[in-house]
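Survey of secondary and tertiary structure
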Amino acid sequence: MDVLNIPVAPDLPGRWRAWLAPERQPLFLTAQEAAGLDLPTVPRADLRLSLEERDTLTLWAVAPEADRVAWLDRAVWAALDARQRRELLRLQVRHGRGNVPLGRHYADLLPELPPGRFLWSPEHLTPGVLAHLLSVGQAACRRGAVPGAVWDAAWEVLPGVRDLAGTFSRGRGNCFGAVMGAAGVADAADEWTQREPFGAFLAARTRPARSWSGDHDARPGTVLVWRTSDGLAQHAAVTLGGGWAFQKASQSWTTPRVVLPVEELKRRNRAPGWRLERHTLSR
C-alpha cells in the first residue's frame, strides 16, 4: 500500500482504522442538547484520550460550550433511530468535532454510503479509502526526485533526514520533532514536541540567519520557522540543499514526513499574520 508516494508499513493501516473507527466514540453536546436527545453524558473535563485520538477528533476545535460527552459504542449507535443519528452528527459538525465525513466524498469507493454525514466502521476503511482519506489536501512526497549528491551533502548536518523522509509516524510526532529528528536528535521524530524543547534545540544547535538571501534556502540545514505576531513558533521545516526541503505538515498522524521543492513548501505554509525566520544548523 502506497500513500502520497510513500510505502506504508504493514502495521499502520490497522492503527489508522482503530483511531478512525473505534469501538466507542465520544460525541460532544451541551447539557441542553443531551437532555433533548435523552442521552447519558459525562463532563467533558473528565475526558481522557490519547494524542492520536485527540488529533483524529480535532479536539482543539471543539466549542467550549459543548461541555458534555456522550460515549456511544457501535451497538448503541446502531440502535438509535435515524433522526437521532442525523441530529448527533449535525451537532458534532456544529461544535467542531472532526472525523465526521461526508458519504458523497467517497461515492466512487463506497457507493453504498448515504451522501450525508456518517461515522466510520472498520469495514469501510479499505486500503483505497485510507489512501484517499490521507491524501486529500496533501502534497505527494518527492523523495525519489532528490539526487544522491544532495542527500550526501545534507548528511553532515541532517544525519537523520534520509531515513525519515517519505515515512508516516507511528502515531505521535509533529513538525518540530521531525526537524529535530532530521538533525539527529534521537527519538524526537515520533514525539509530540512542545515549543519549549524546540526552542532549546534552536538555541543549542543553530544560529540565526540575521541577513537573508536565497542562498540560505539553497543550502542544507537552514531551519525555517514560521511565527505569529506574538512570537510563538507555529511550524518548522528544514532545507536539504539543491532546492529541496523536508517537513511534517502538522501534528496529526495523518500527515507524513515529506520532501518538497523549497518554494512549494514555503508557499504551502503561508498564512495571514505568520512571518518566516531562518536559522542555520551548526555542523
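Quick summary incoming for the structure in this document. (Residues numbered from 1 in each chain as written. Predicted model: local features only at pLDDT ≥ 70, side-chain atom pairs only at ≥ 80, totals over all residues. Heavy atoms only, no water.)

Among the 8 residues of helix H9 (residues 175-182), 8 are classified as buried, and the element is accordingly described as predominantly covered. In this structure, the buried residues of H9 make contact with helix H8 (161-164), helix H10 (195-205), strand S7 (220-227), strand S8 (233-241), strand S9 (244-248) and strand S10 (257-261). Looking one or two places after H9, you find Gly 184, whose phi comes out positive at around 100 degrees. (Buried < 20%, exposed > 50% of the residue type's maximum accessible area, 1.4 Å probe, protein only. Helix = DSSP H or I, 4+ residues; strand = E, 2+ residues; numbered from the N terminus. Contact = heavy atoms within 4.5 Å.)

So, on to helix H6 (residues 127-135). Regarding H6, the residues found buried are Val 129, Leu 130, Ala 131, Leu 133 and Leu 134. Contact partners of the buried residues in H6: strand S1 (2-3) and helix H1 (12-20). The first or second residue beyond H6 is Gly 137, which carries a positive phi of 75 degrees.

Now for the nonpolar core. Membership of the largest hydrophobic core comes to 63 residues, with the highest contact counts inside it found for Trp 16, Trp 120, Leu 158, Phe 198, Leu 240, Phe 246 and Val 259. Top element by residues in this core is H9. It accounts for 6 residues. What Trp 120 contacts, discounting residues up to four positions off in sequence, is Leu 20, Ala 21, Gln 25, Asn 99, Pro 101, Tyr 106, Leu 110, Leu 125, Val 129 and Leu 133. Ranked by size, the runner-up nonpolar core spans 14 residues in total, among them Leu 37, Leu 80, Leu 88 and Leu 91. (Core = buried A, V, L, I, M, F, W, Y, C linked by side-chain atoms within 4.5 Å.)

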